[in-house]
Amino acid sequence: MIPRGIRNNNPGNLNFAHQPGAHLETGVPEPRFAAFPTMADGIQALRAQLLRYAARGLTTVASIISVYAPSTENETSAYITNLCRHMGVQADTVLDLNDPAMMAALIGGITTIENGPGHLTPAQIDQALGVTPAAT
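The structure contained in this document is the topic of the report that follows.

Conventions used here
Residues numbered from 1 in each chain as written. Predicted model: local features only at pLDDT ≥ 70, side-chain atom pairs only at ≥ 80, totals over all residues. Heavy atoms only, no water. Salt bridge = Lys/Arg side-chain N within 4 Å of Asp/Glu carboxyl O. Helix = DSSP H or I, 4+ residues; strand = E, 2+ residues; numbered from the N terminus. Buried < 20%, exposed > 50% of the residue type's maximum accessible area, 1.4 Å probe, protein only. Contact = heavy atoms within 4.5 Å. Core = buried A, V, L, I, M, F, W, Y, C linked by side-chain atoms within 4.5 Å.

## Thoughts on the pattern of salt bridges
Here is step 1 of the chain: Taken as a whole and assessed by the stated rule, the structure comprises two salt bridges.
Here is step 2 of the chain: With a shortest N-O distance of 2.6 Å, E25 and R4 are connected by a salt bridge. In this pair, E25 is assigned in the loop between β1 (23–24) and β2 (34–35) and R4 in helix α1 (residues 4–7), connecting sequence segments 21 residues apart.
Here is step 3 of the chain: On the basis of relative accessibility, which here comes to 3%, the residue E25 falls in the buried class.
Here is step 4 of the chain: For R32, the salt bridge is made with E73, and the minimal N-O distance between the two is 2.7 Å. Taken together, the positions of R32 in the loop between β1 and β2 and E73 in the loop between α3 (61–68) and α4 (76–87) put the pair 41 residues apart, joining distant regions of the chain.
Here is step 5 of the chain: The exposure class assigned to E73 is partly exposed, which follows from its relative accessible area of 48%.

The structure is reproduced here in structure tokens:
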């Protein structure tokens, strides 16, 4: 079965918050997540959310994920551990989210944890973030 985040073009499983171009997901008993027109739109929305966190001073994996995946809904400590392993950083390492490679690594880790491996490639993430040109 295709994970919900992939079906919704929302690989970060962002709650619906009237993001530009998004609508509330359909076809589930208790809709909550945003659905985006394209996967690139969903990746860009995740980047926008992470940049909002950075603007609030949330710049470590531990501080970001404690808000992004709170313990009331997630196994937050395991999420932090897995994301740090994926990125090769410590939980308290300050991340420069204006660095495209750092943002791509963070998004890659989050989307893998949220949906499982094999649904998005690094190239898809880089292309959505404008790091690499679109294939012609």
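Anyway, onward from the coordinates.
## With respect to unusual backbone geometry
Here is step 1 of the chain: Phi is positive for N13, close to 50 degrees, though the residue is something other than glycine.
Here is step 2 of the chain: You can see N13 is positioned in the loop between α1 and β1.
Here is step 3 of the chain: Its relative accessible area of 15% is what places N13 among the buried residues.
Here is step 4 of the chain: Not every positive phi belongs to a glycine, and H18 is a case in point at roughly 60 degrees.
Here is step 5 of the chain: Looking at where H18 falls in the secondary structure, it is placed in the loop between α1 and β1.

## Overview of the side chain of N10
Here is step 1 of the chain: Assignment of secondary structure puts N10 in the loop between α1 and β1.
Here is step 2 of the chain: The contact partners of N10, leaving out residues within four places of it in the chain, are G5, F33, A34, F36 and M39.

## With respect to the nonpolar core
Here is step 1 of the chain: One finds L50, V61, I64, I65, Y68, L106 and I110 to be the most contacted residues of the largest nonpolar core, which totals 34 residues.
Here is step 2 of the chain: Elements with a contribution of two residues or more to this core: α2 (39–55), α3, α4, α5 (100–115) and α6 (122–129).
Here is step 3 of the chain: The biggest single contributor to this core is α2, with six residues.
Here is step 4 of the chain: With residues up to four places along the chain from it excluded, the contact list for Y68 reads G12, N13, L14, L46, Y53, Y79, I110 and E114.

These values are about where atoms sit, not about what they do.
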